[in-house]
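Each chain, letter by letter, is given below.
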2 protein chains.
Amino acid sequence: MAHGRISRLSVHDVRFPTSLSGHGSDAMHTDPDYSAAYVIIETDAEDGLKGYGITFTLGKGTEVVVCAVNALAQQVLHKDLSDIVGDFRGFYRQLTSDGQLRWLGPEKGVVHLATAAILNAVWDLWAKQEGKPLWKLLVDMDPQMLLSCIDFRYITDVLTEKDAYEILKKGQLGKKEREEQMLRHGYPAYTTSCAWLGYSDSTLKQLCAAALKDGWTRFKVKVGADLQDDIRRCRLLRDMIGPEKTLMMDANQCWDVPEAVEWMAKLAEFKPLWIEEPTSPDDILGHAAISKCHNRVIFKQLLQANALQFLQIDSCRLGSVNENLSVLLMAKKFGIPVCPHAGGVGLCELVQHLIIFDYISVSASLQNRMCEYVDHLHEHFKYPVVIKHASYLPPKDAGYSTEMKEESVKKHQYPDGEVWKKLLVAQDLCVQP
Amino acid sequence: MAHGRISRLSVHDVRFPTSLSGHGSDAMHTDPDYSAAYVIIETDAEDGLKGYGITFTLGKGTEVVVCAVNALAQQVLHKDLSDIVGDFRGFYRQLTSDGQLRWLGPEKGVVHLATAAILNAVWDLWAKQEGKPLWKLLVDMDPQMLLSCIDFRYITDVLTEKDAYEILKKGQLGKKEREEQMLRHGYPAYTTSCAWLGYSDSTLKQLCAAALKDGWTRFKVKVGADLQDDIRRCRLLRDMIGPEKTLMMDANQCWDVPEAVEWMAKLAEFKPLWIEEPTSPDDILGHAAISKCHNRVIFKQLLQANALQFLQIDSCRLGSVNENLSVLLMAKKFGIPVCPHAGGVGLCELVQHLIIFDYISVSASLQNRMCEYVDHLHEHFKYPVVIKHASYLPPKDAGYSTEMKEESVKKHQYPDGEVWKKLLVAQDLCVQP
């Protein structure tokens, strides 16, 4: 049972200097430093359990998200956890619809990232108190209770609470078998680690060879900066993996609509399964394939407009488990496969819970489904993902796998952690005459 | 000629305690304290001119926008103003597409509000250096130069640079006459000051009577919190203004789509010209009438989807003059009248420049067009709007009318200004036993 009064909320600006080696680089984000606003929630309960939540950022501006978390903190402090989860819909609404703060969004950008970090920490704490990994907490939860976590505002024209209930009810059938299957085989994954845009061809070859050896059969490549480069890199990859394995492409929002059509025609020979984020994430009508979105209202329309063939949820851009639940249910209603966005720092750790729950309790299908995997920064987590035969094995530890190692947080705090102190001194030396 | 190197950028958190008297209250924003992140740009030029820019907020969270302005400041500092405006498209792109910072948006929420505040200051400074009010700077600007201020990314599928050039070329015809007309008669306005949701019926009556006496013929009323209240207030207003004058309604995003349809059916007897923001601002497909949006990509789709009959630009939510230009041009292409959003603090001062430019150089029409007016907080501006016969008279002072009185800024800084010190002390006293 959820218990304890929230007595403290602290937030840390944690950054990893990934740009030094080109990890994570794509057409629009050429030099990301994978970072997080990292929230820790404490209660006055005697169990001493803490909730950890993150939202993912790319370095600069993490301090803005930290500032937004602090602005939202007063809505959380001194509340009983049982009151929060007992009326989670009301709490979600309050957090996202404060009469003054909602002007800064609503439910988008910095405030929504901050909302995700806080709610991720609440879910982690709740799951820890229940002694279950988050996916299992969701799987075991009564459908009515699950629904009470979702704010249906703005989506009732395509999904009512009654629709959602029917879906969850149907999802009970065969649940046990699917849970066992997950525990045995895990959830299918694909890898994005081989082909960041900033990697040289030789790095790409080397990483691809290693991934093939490890049993990977699905690969994603970043495209969109230079057509000739794209052709060369896609050919190289397709040649290495052969005609049967799966290749996806990601343009990370770099094209206009006509440009996307033209460019993709030239990459079609490499037979991509999808092209991800061809244009602005706000452009519902311009979308053709797959999209990461910032809230359930955008996802709703992409589904209504038949604008996507695959749907990517995100554990840190949407409003935590609560909002992702509504998107999983809408995807089920429209029969669109969900292939979560992951990578960054912690995104794999978090989103595996959601997609494993989705398989067991909502979609009940693996057809055309797989979860992104990126092999960076897992060593900083206390409960890192376990990948076996290119699949995510369900986490066994209680919580949402959000907790980072204390030492890692300390070292990578910006700008005062040891890692950054050294780097910033080095930078200063470089710009001096 | 633009000149000088930007030597300093400072930003202030300025808040007005409007919630104390219910000004600005609506169904979603019940207690706004009209506020601004207020940017001041200084250069090393000898003229000593400064650029002032604001973005509008509702109180809480203004510090988050201030934090975002500081994150963006390094992109502006030490640049020559002539380099900025000489490649304004490039500068806009740089500000909105930084590889790390764009993750926080892109072009939405807190970072886009911060972008607007900074760019508004740049435009104010440029206009001051040219010795012209901003609308006149735009009107006199060569079409090619105007286009070089616009980032066409993500909108070329509906508006190419060539399309935009044709529109501006055609707009040259009759320009002089329209400018004279504006100087004589001003731009038609409507008032939102009478009918905030938090006002009592007697306040509403009194304000409406005064507005009628002042010659107002177009009125907006806030709706959406309680149907019976709405019916009573709308009847009261319609009875007072008579059947011929214009009434608009604004639900400020409070409904789901089916709810909006049902509710509006019950208010239809009061013959509203439009219903504003019936649902989520992200819901393009759900929109029926009129919408404020956060960027040009959302506006583009509302136009493509025939989802609006009126279009509301905003001087502080969009990326300043640059992005508003692209939206004005798209609206012209689709033949949709633009009726700007104003009010708040400073929005009237700023947006009048854009809509007067639009009439003179782009739309060349006043049919179905009017600019919102709200009678609050103008006394804090150095160059406040001038309303005559319910019309905006074109500003004559150089700049973008963004500059606030030094004394006002000082008094209303949060939390250390005199006004807030007193209020916060009073609040503390209230919560003590």
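Up top is the structure these notes are about.
Here goes a summary of the coordinates provided. (Residues numbered from 1 in each chain as written. Chains lettered and ligands numbered in written order. Predicted model: local features only at pLDDT ≥ 70, side-chain atom pairs only at ≥ 80, totals over all residues. Heavy atoms only, no water.)

**Points about the overall build of chain A**
Going by this rule: Numbering of helices and strands runs from the N terminus, with a helix taken as a DSSP run of H or I at least four residues long and a strand as a DSSP run of E at least two residues long. Note on definitions: a residue-residue contact is assigned when non-hydrogen atoms from the two residues lie within 4.5 Å. Computed with a 1.4 Å probe, the accessible areas rest on the Shrake-Rupley method; for each residue, only the protein chains presented here act as cover. Counting rule applied: Lys, Arg positive; Asp, Glu negative; His and chain ends not counted. Here the site of a charge means atom NZ of a Lys, CZ of an Arg, CG of an Asp or CD of a Glu.
Each helix and strand in chain A was counted, giving 16 helices and twelve strands. Seen through its principal axes, chain A has C-alpha atoms that stretch 60 × 55 × 45 Å. Summarising the internal contacts of chain A: among those between residues at least 6 apart in sequence, 74% fall at separations of at least 24. Of the roughly 15300 Å² of accessible surface on chain A, 51% is carried by carbon and sulfur atoms. Here chain A carries 48 positive and 56 negative side-chain charges, and the mean point of each set is 4 Å from the other.

**Digging into unusual backbone geometry**
All names here are of chain B. Cut-off, in case you're wondering: Exposure is judged per residue with a 1.4 Å probe applied to protein chains only, and the accessible area is read against the type maximum: over 50% gives exposed, under 20% gives buried, and values in between give partly exposed.
Residues Gly105 and Pro106 are joined by a peptide bond in cis, for which omega reads -15 degrees. Along the chain, Pro106 falls in the loop between helix H3 (88-96) and helix H4 (109-130). Of note, the amide linkage connecting Tyr414 to Pro415 takes the cis form, showing an omega dihedral of 0 degrees. Looking at the element boundaries, Pro415 is found in the loop between helix H15 (406-412) and helix H16 (418-431). Of note, the phi angle at Asn252 is positive, near 50 degrees, even though the residue is not glycine. Residue placement: Asn252 occurs in the loop between strand E6 (246-250) and helix H11 (257-267). With relative accessibility at 4%, the residue Asn252 sits in the buried group. The phi dihedral of His389 is positive, around 50 degrees, even though this residue is not glycine. On the secondary structure map, His389 appears in the loop between strand E11 (386-388) and strand E12 (391-393). Exposure remark for His389: the relative accessible area of 69% places this residue in the exposed category.

**Remarks on the sheet that holds strand E3 (residues 50-57) of chain A**
Residues and elements named next belong to chain A. As a reminder of what qualifies: Paired strands, as defined in this entry, are two strands with at least two bridges between them according to DSSP. Axes, fitted as lines to C-alpha atoms, cover a helix only where it is in contact. Angles between the N-to-C directions of the axes lie from 0 to 180 degrees.
Strand order in the open sheet formed by three strands is E1-E2-E3, with antiparallel pairing between adjacent strands. Unpaired on one side and paired on the other, strand E1 (6-15) and E3 mark the two borders of the sheet. Taken over all neighbouring pairs, the strand axes of this sheet differ in orientation by 15 degrees on average, direction set aside. Bridging between E1 and strand E2 (residues 35-43) involves nine bridges; their strand directions are antiparallel. Residue Asp13 lies in a different strand from E2, and its bridge partner there is Ala37. Sitting on the sheet, helix H4 (residues 109-130) is in contact with E1, E2 and E3, with an inclination near 150 degrees to E3.

**Some remarks on the environment of Trp263(A)**
All names here are of chain A. Of note, Trp263 is situated in helix H11 (residues 257-267). A relative accessible area of 13% places Trp263 in the buried class. Placed 37 residues apart in sequence, Trp263 and Asp226 show a C-alpha to C-alpha distance of 9.8 Å. With near-sequence residues (within four places) excluded, Trp263 lies in contact with Gly224, Ala225, Asp226, Leu227, Asp230 and Trp255.

**What to know about the sheet that holds strand E3 (residues 50-57) of chain B**
Residue and element names in this part refer to chain B. Taken together, the three strands give an open sheet; going across it, the order is E1-E2-E3, and neighbouring strands pair in antiparallel fashion. Strands at the two margins of the open sheet, each flanked by one partner only, are strand E1 (6-15) and E3. When the angles between neighbouring strand axes are averaged without regard to direction, this sheet yields 15 degrees. Along the sheet face, H4 touches E1, strand E2 (35-43) and E3 and points at about 150 degrees away from the line of E3.

**Digging into the side chain of His29(B)**
The condition is simple: Throughout this description, a polar contact denotes any pair of N or O atoms lying within 3.5 Å of each other; where both atoms belong to protein, one of them has to be capable of donating a hydrogen while the other can accept it, and for residues adjacent in sequence the pair is counted only when both atoms sit in side chains.
Turning to its location among the elements, His29(B) is positioned in the loop between E1 and E2. A distance of 3.0 Å separates polar atoms of two side chains, one belonging to His29(B) and the other to Arg102(A). If near-sequence neighbours (up to four positions away) are discounted, His29(B) is found in contact with Gly99(A), Arg102(A), Trp103(A), Gly24(B), Leu58(B) and Asn252(B).

**Structural notes on a negative patch on the surface**
Selection criterion: The residues that make up patches have over 30% relative accessible area and no salt bridge, and they are joined within 9 Å when like-charged or within 5 Å when they are Val, Leu, Ile, Met, Phe, Trp or Tyr. Salt bridges are defined by distance alone: a side-chain nitrogen of Lys or Arg within 4 Å of a carboxyl oxygen of Asp or Glu.
Residues Asp44(A), Asp80(A), Asp83(A) and Asp87(A) make up a contiguous surface patch of negative charge. Locating Asp83(A) in the fold gives a position in helix H2 (residues 81-86).

**Quick word on the packing of helix H1 (residues 62-73) of chain B against H4(B)**
Residue and element names in this part refer to chain B. Rule in force here: Here the word oblique covers every angle except those under 35 degrees (roughly parallel), over 145 (roughly antiparallel) and from 65 to 115 (roughly perpendicular). Left-handed describes a crossing in which the near helix is turned anticlockwise from the far one by less than a right angle; the clockwise case is right-handed. Residues were grouped as follows: Ala, Val, Leu, Ile, Met, Phe, Trp, Tyr, Cys and Pro as nonpolar; Asp, Glu, Lys and Arg as charged; and all remaining residues, including Gly, as polar.
Interhelical geometry of H1 versus H4 gives an angle of 65 degrees and a closest axis separation of 8 Å. Judged on the interaxial angle alone, H4 and H1 are roughly perpendicular. For the pair H1 and H4, the crossing hand works out as right-handed. On H4, the residues touching Val64, Val65, Ala68, Val69 and Leu72 of H1 are Val110, Val111, Leu113, Ala114, Thr115 and Ile118. Partitioning the contact of H1 with H4 into residue classes produces ten nonpolar, one polar and no charged.

**What about the nonpolar core?**
Under the convention used in this document: Only buried Ala, Val, Leu, Ile, Met, Phe, Trp, Tyr and Cys residues count toward a nonpolar core, and they belong to the same one when joined by side-chain atoms within 4.5 Å.
Judged by nonpolar contacts, the single largest core of 290 residues is most densely connected at Trp123(A) and Trp123(B). Ignoring sequence-local partners within four residues, the contact set of Trp123(A) consists of Phe88(A), Leu134(A), Leu137(A), Leu138(A), Met141(A), Cys149(A), Ser320(A), Val321(A), Asn322(A) and Tyr400(A).

**Description of the interface of chain B and chain A**
This is how it is decided: In short, buried area is how much 1.4 Å probe accessible area vanishes from two parts on joining, totalled over both.
Between chain B and chain A, the contact holds 61 residues from the first and 61 residues from the second. Between chain B and chain A, the buried area comes to about 5300 Å², and carbon and sulfur atoms account for 56% of it. A salt bridge links Asp98(B) to Lys60(A); its shortest N-O distance comes to 2.6 Å. Counting the contacts that link chain B with chain A gives 24 residue pairs in polar contact (both at pLDDT 80 or more). Elements with a minimum of two residues in the side of chain B that touches chain A: E3, H1, H4, H11 and helix H12 (296-304) of chain B.

**With respect to the pattern of salt bridges**
Side-chain pairs of opposite charge can arise whenever the charged atoms involved come near each other. For the structure shown, the criterion picks out 42 salt bridges over all chains. For Glu269(A), the salt bridge identified is with Arg235(A), shortest N-O distance 3.6 Å. Within this pair, whereas Glu269(A) is found in the loop between H11 and strand E7 (272-276), its partner Arg235(A) is found in helix H10 (residues 227-241), the two being separated by 34 residues in sequence. Taking the shortest distance from any N to any O, the salt bridge between Glu372(B) and Lys220(B) comes out at 3.0 Å. Taken together, the residues span a long stretch of sequence, with Glu372(B) in strand E10 (residues 371-373) and Lys220(B) in strand E5 (residues 218-222) at a distance of 152 residues. Relative accessible area serves as the criterion here: at 1%, Lys220(B) is assigned to the buried category. Three or more residues joined by partner-sharing salt bridges are found here, namely Lys220(A), Lys222(A), Asp250(A), Glu276(A) and Glu372(A).

**Topic: the environment of Asp201(B)**
All names here are of chain B. You can see Asp201 is positioned in helix H9 (residues 201-213). Note on Asp201: relative accessible area 22%, which makes it partly exposed. The sequence separation of Asp201 and Glu418 amounts to 217 residues, and the corresponding C-alpha distance is 33 Å.

**Remarks on the relation of the copies chain B and chain A**
Selection rule: Superposing copies: least-squares fit, C-alpha atoms only, residues required to have pLDDT of at least 70 in both.
Mapping chain B onto chain A is achieved by rotating through 180 degrees and translating by 0.0 Å along the same axis, at an RMSD of 0.0 Å. Classification of the inter-copy transformation places it as that of a two-fold axis. For chain B, the minimum C-alpha distance to the rotation axis belongs to Gly109(B) and amounts to 2.5 Å. Looking at the interface residues of chain B, 100% of them are also at the interface in chain A, so both copies use one shared face.

**Digging into the packing of helix H3 (residues 88-96) of chain A against H4(A)**
Packed helices, taken two at a time, are described by the angle between their axes plus the distance between the axes. All names here are of chain A. One way to put it is that H3 packs onto H4 with a least axis distance of 11 Å and a crossing angle of 155 degrees. Relative to H4, the element H3 is oriented roughly antiparallel. Classified by chirality, the crossing of H4 by H3 is right-handed. Contacts from Phe88, Phe91, Tyr92, Leu95 and Thr96 in H3 reach His112, Thr115, Ile118, Leu119, Val122, Trp123 and Trp126 in H4. Taken together, the residues of the contact of H3 with H4 break down into nine nonpolar, three polar and no charged.

**Thoughts on the environment of Leu147(B)**
Residue and element names in this part refer to chain B. Among the secondary structure elements, Leu147 is positioned in helix H6 (residues 143-147). Considering only alpha carbons, one finds Leu147 and Tyr165, 18 residues apart in sequence, at a separation of 7.3 Å. Aside from chain neighbours lying at most four places away, what touches Leu147 is Arg89, Phe152, Glu161, Ala164, Tyr165, Leu168 and Leu329.

**As for the pairing of E6(B)**
Looking down a regular strand, the side chains alternate between one sheet face and the other. All names here are of chain B. Here is the rule we go by: A clockwise course of the path from the first strand over the helix to the second, judged with the strands pointing away from the viewer, identifies a crossover as right-handed.
Of all five residues in E6, four are buried; the element is thus mostly enclosed. As paired strands, E5 and E6 are joined by five bridges and run parallel to one another. When the sheet's bridge partners are listed, Arg218 is paired in E6 with Thr246. With helix H10 (residues 227-241) bridging E5 and the parallel E6, this β-α-β connection has right-handed handedness. In this sheet, strand E7 (residues 272-276) lies alongside E6 in parallel orientation, the contact comprising three bridges. Within E7, the position partnered with Asp250 by the bridge is Glu276. A crossover connection joins E6 to the parallel E7 through H11; in handedness this β-α-β unit is right-handed.

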